[in-house]
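Take a look at the letters that make up each chain.
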Amino acid sequence: MAILHKFGFPLFAAVMLALPLLPLPDFWITQLNYIGLYALVSLGLVVLTGVAGLTSFGQAAFVGVGAYTAALMSVSLGISPWFSLFAGIGASVLVALVLGAITLRMSGHYLPLATIAWGLTIYYSISNMEFLGKYDGILGVPPITLGGTSLGSGRGIYVLIWVFALAAALGVTWLLDSRPGRAIRSLKTGTTMAESMGISTFRYKVVAFVLAAVLAAISGWLFAHFQRTVNPSPFGLNKGIEYLFMVVLGGVGHVWGAFLGAGVLKLIEDQLQVLLPRIIGTSGNFEIIVFGLVMIAVLKYAPDGLWTFLGRLVPPRQRVRDWEGAPRLPAREKPAHGELLLEVEKVRKEFGGLVAVNDVSFQMRAGEIVGLIGPNGAGKSTTFNLITGVLALTGGTVRFRGQEVGRMVSRAIARLGVSRTFQHVKMIPEMTVLENVALGAYTRTRTGTVRAMLRLDRGEERQALAEAETQLARIGMTDKMHELAGNLALGPQRLMEIARALCTDPTLLLLDEPAAGLRHKEKQALAAVLRQLKSEGMSILLVEHDMDFVMGLTDRIVVMEFGTRLMEGTPAEVQASPAVRAAYLGTEH
Ligand code: ADP
Ligand code: MG
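Residues numbered from 1 in each chain as written. Chains lettered and ligands numbered in written order. Predicted model: local features only at pLDDT ≥ 70, side-chain atom pairs only at ≥ 80, totals over all residues. Heavy atoms only, no water.

*Asks:* What am I meant to see in the sheet that holds strand β8 (residues 395–400) here?
*Replies:* Whenever strands of a sheet pair, they do so through backbone hydrogen bonds, lying parallel or antiparallel. The sheet built from four strands is open, its strands ordered β6-β5-β8-β9 with antiparallel pairing. Looking at the sheet topology across the chains shown, the edges are occupied by β6 (354–365) and β9 (403–404). With two bridges joining them, β8 and β9 adopt antiparallel strand pairing. Bridging across to β9, R399 finds its partner in E404. (Pairing = 2+ DSSP bridges. Helix = DSSP H or I, 4+ residues; strand = E, 2+ residues; numbered from the N terminus.)

*Asks:* I keep staring at the site of ligand 1 and nothing clicks. Help me out?
*Replies:* For ligand 1, the full set of nearby residues is F351, L354, A356, N376, G377, A378, G379, K380, S381, T382 and Q423. With respect to ligand 1, the backbone of G379 contributes an N or O atom lying 2.9 Å from an oxygen atom. At 2.5 Å from an oxygen atom of ligand 1 is found a side-chain nitrogen or oxygen belonging to T382. When ligand 1 is considered free in solution it has 560 Å² of accessible area, and contact with the protein chains removes 60% of it. Going through the elements one at a time, β6 and α14 (380–387) are the ones with two or more residues in the shell around ligand 1. Top element by residues in the shell around ligand 1 is α14. It accounts for three residues. (Near = heavy atom within 4 Å. Polar contact = N/O pair within 3.5 Å; in protein donor to acceptor, adjacent residues only side chain to side chain. Areas by Shrake-Rupley, 256 points an atom, 1.4 Å probe, with all protein chains shown as cover.)

*Asks:* I tried to follow the coordination of the magnesium ion (ligand 2) on my own but got confused; where do I start?
*Replies:* Four donors placed tetrahedrally around a metal ideally meet at 109.5 degrees, and six donors placed octahedrally ideally meet at 90 or 180 degrees. Distances from the magnesium ion (ligand 2) to its protein donors, S381 (OG) and Q423 (OE1), fall at 2.0 to 2.1 Å. Placement of the pair is S381 in helix α14 and Q423 in the loop between β10 (418–420) and α16 (433–438), with a sequence separation of 42 residues. (Donors = N, O, S within 2.8 Å, 3.2 Å for Na, K, Ca; no water.)

*Asks:* Would you mind showing me how to read a nonpolar patch on the surface here?
*Replies:* A cluster of nonpolar residues, L17, V159 and V163, forms a patch on the protein surface that exposes about 200 Å² of accessible area. Tracing the sequence through the fold places V163 in helix α6 (residues 154–176). Taking the relative accessible area as the measure of exposure, V163 reaches 41% and is therefore partly exposed. (Patch = residues over 30% accessible without salt bridge, like charges linked within 9 Å, V, L, I, M, F, W, Y side chains within 5 Å. Salt bridge = Lys/Arg side-chain N within 4 Å of Asp/Glu carboxyl O. Buried < 20%, exposed > 50% of the residue type's maximum accessible area, 1.4 Å probe, protein only.)

*Asks:* Sorry if this is basic, but what is going on with the side chain of T115 here?
*Replies:* Counting through the fold element by element, T115 comes out in helix α5 (residues 110–128). Here T115 falls in the buried class, since its relative accessible area comes to 1%.

*Asks:* Sorry, what's going on with the side chain of R319 here?
*Replies:* By the secondary structure assignment, R319 is in the loop between α13 (307–311) and β5 (340–351). Contact partners of R319, with chain neighbours within four places excluded, come to D177, L434, E435, R458, E461, L465 and H482. (Contact = heavy atoms within 4.5 Å.)

*Asks:* Where do I start with the packing of helix α4 (residues 81–103) against helix α9 (residues 201–227) in this structure?
*Replies:* Any two packed helices are characterised by the angle at which their axes cross and by the distance between the axes. Two elements in contact, α4 and α9, have axes separated by 8 Å at closest approach and are oriented at 145 degrees. For the element pair α4 and α9, the recorded crossing hand is right-handed. Residue composition of the contact of α4 with α9, grouped by class: 18 nonpolar, five polar and no charged. (Axes fitted to C-alpha atoms, helices over the stretch in contact; angles between N-to-C directions. Left-handed = near helix turned anticlockwise from the far one by under 90°. Nonpolar A, V, L, I, M, F, W, Y, C, P; charged D, E, K, R; others polar.)

*Asks:* Honestly, the pattern of salt bridges in this entry has me stumped. Any pointers?
*Replies:* Following the criterion strictly, the structure yields 32 salt bridges and no others. A salt bridge links D26 to R155; the shortest N-O distance between them is 2.9 Å. Of this pair, D26 sits in helix α2 (residues 26–51) while R155 is found in helix α6, placing the two residues 129 residues apart along the sequence. In this structure D26 comes out as exposed when scored by relative accessible area, which is 57%. You can call R155 partly exposed: its relative accessible area is 25%. Residue E195 pairs with R411 through a salt bridge whose shortest N-O separation is 2.7 Å. Placement of E195 in helix α8 (residues 192–196) and of R411 in helix α15 (residues 410–415) is noted, with a sequence separation of 216 residues between them. Judged by its relative accessible area of 11%, E195 falls in the buried class. Looking at R411, the relative accessible area reads 23%, which means it is partly exposed. Because the salt bridges share partners, they merge into one network encompassing D177, R185, R319, E435, R455, D457 and R458.

*Asks:* Even after reading the chapter, I still don't get the domain arrangement of the chain, so can you show me in this structure?
*Replies:* The assigned domain composition of the chain is domain 1 (35–236), domain 2 (336–417 + 506–589) and domain 3 (428–503). Distance from the C-alpha centre of domain 2 to the C-alpha centre of domain 3: 26 Å. Domain 2 puts 16 residues into the contact, and the matching count from domain 3 is nine residues. Around 1,000 Å² of area is buried between domain 2 and domain 3 when both sides are counted, 72% of it from carbon and sulfur atoms. Between the two partners, domain 2 and domain 3, sit one salt bridge. Salt-bridge contacts for E536 lead to R474; the nearest nitrogen and oxygen are separated by 3.1 Å. (Domains from an automatic or database assignment. Buried area = accessible area lost by both parts, 1.4 Å probe.)

*Asks:* Would you explain the packing of aromatic side chains in this entry?
*Replies:* What describes a pair of aromatic rings is the distance from one ring centre to the other and the angle between the planes of the rings. For the coordinates displayed, the defined rule picks out 21 aromatic pairs. Centroid distance F27 to W28: 5.3 Å. Interplanar angle 80 degrees. Geometry classified as edge-to-face. Residue classification places F27 among the partly exposed positions, given a relative accessible area of 48%. Pairing Y68 with F235 gives two aromatic rings, centres 6.0 Å apart and planes at 70 degrees, and the pair type is edge-to-face. Residue Y68 is located in helix α3 (residues 59–76), and its partner F235 is located in the loop between β4 (229–230) and α10 (237–250); the two are separated by 167 residues in the primary sequence. For the pair Y68 and F235, a shared accessibility class is recorded, and that class is buried. By way of ring pairs, the aromatic residues F9, F12, Y158, W162, W256 and F259 are connected into one cluster. R105 extends its terminal NZ or CZ atom over the ring of F202, reaching a point 3.7 Å from the ring centre. (Phe/Tyr/Trp six-rings, centres within 6.5 Å; stacked < 30°, edge-to-face > 60°. Lys NZ or Arg CZ within 6 Å of the ring centre and 35° of its normal.)

The structure is reproduced here in structure tokens:
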């Protein structure tokens, strides 16, 4: 069955490209043309909605941008279609950047609503512009020619449509399995963790949005030269909903879902357009009602779409371990032992009336392991969030290696060499352990979206995966690297987070309750790893409830209670302190 992974795509591509050689009726070639055009748009939605979690009802508008650019340039200006392809892509990128800048920072349901709004705006703009022919559109679009051959007929344009659709499928598949792809896949589960790994999540929302717009515009360009005429109706909101329906039906998270959805929808649509008017008695776009009902049923009973049923037949892909011997990623310049590393001065965080962290100060030197302890709710995790920029300071300052970082966003602080784990594990459950850890190598690598789509990133990718495996080996988890992170028990998930943090090559490591949920043996192994890291010069700030763990490991301990610093001292001093004992006895027993 693994053979499917290797030959599935070439086989599909060969079959699709050979079809026009068969004596298929023209009707079927036309149908397949539409399916290819729809699949192109759907592929964009797979990335945008399925993978990145950003729902768009407005993709038809981008198809319109591509189609109208093509029509306008070739009819009014007599410019070659091959040039208008680039112009259409350029126009869609421009429109997507403007719309994205305005709408992609919106959260929750506001983004989908915004896509409806601009989908309508673009549609009515197209429909009302004199130079675009208003509702009549533009007639007489010439066919595309390639090397003197006109691709005007159904079979000619068929090959072109499917070359683009298949190339896009390959590009998207390659993208999702890469550095920028991991960043895009991280978007659906919130932004905190990715930002803490140095990733600009907004940037990748824009990337997904622009990519989806470009694929839609290419579809529009092909559509204009296939139909030989454009008018506004195929670019309205109805069609936008239909595109979304296709991917939901096919399987919104999967590249193949785009083809499956486009194919099934086109075939059903034809049947319904004949059948429904007969049942209802008058003609109209009744199929959209049926699509709506089916969409609700699919979302409820098979949220992975029809791919749920086909995907079961394909075993999960086992990543080939091809990174052995890859050169190590460059390492950061590290501070000298004992250098002043972290200065936390009177940091303060208020949540409304609650003072969660109340003017807390402490310092850390390079090579130290410092414990941050205190009863539940004392403000330890909040202090972590203030140091790492996850939360904004209400007051106070934080300096890292002499540089003021208190007003920086978390990804900027991460890039300086501060890395962390979370008390409540944050990961991408549907990515493998190895891929999750490789997220940590993000700031140490460079591959961008286009390079990844062209598969020009393999050298660097091997380096990133080798680094991820090295860090997994450190915590004894190489045997689990191909498992899905979501399938791990809580203890191993925490260890995975440590490996991910180490993968960033940090100078300062902040661990929020790393031993929680670990068994005794695992705790001992973790303590050994942390000692090993210390001996290599790593500085560690550690929140932990297990006192034996903290006492045996730390050089110094800061004790917090009710948001304030209760005391600071060596493990022995803290253990002997009546105030600390009272704090713990008072709240925990
Ligand atoms: P600890 O990690 O020491 O157990 P936390 O830092 O998580 O404590 O929480 C400190 C206090 O701040 C608690 O009272 C908690 O309820 C409150 N708190 C933490 N995060 C938030 C938040 N985002 N909004 C409001 N209150 C919060
Ligand atoms: Mg906490």
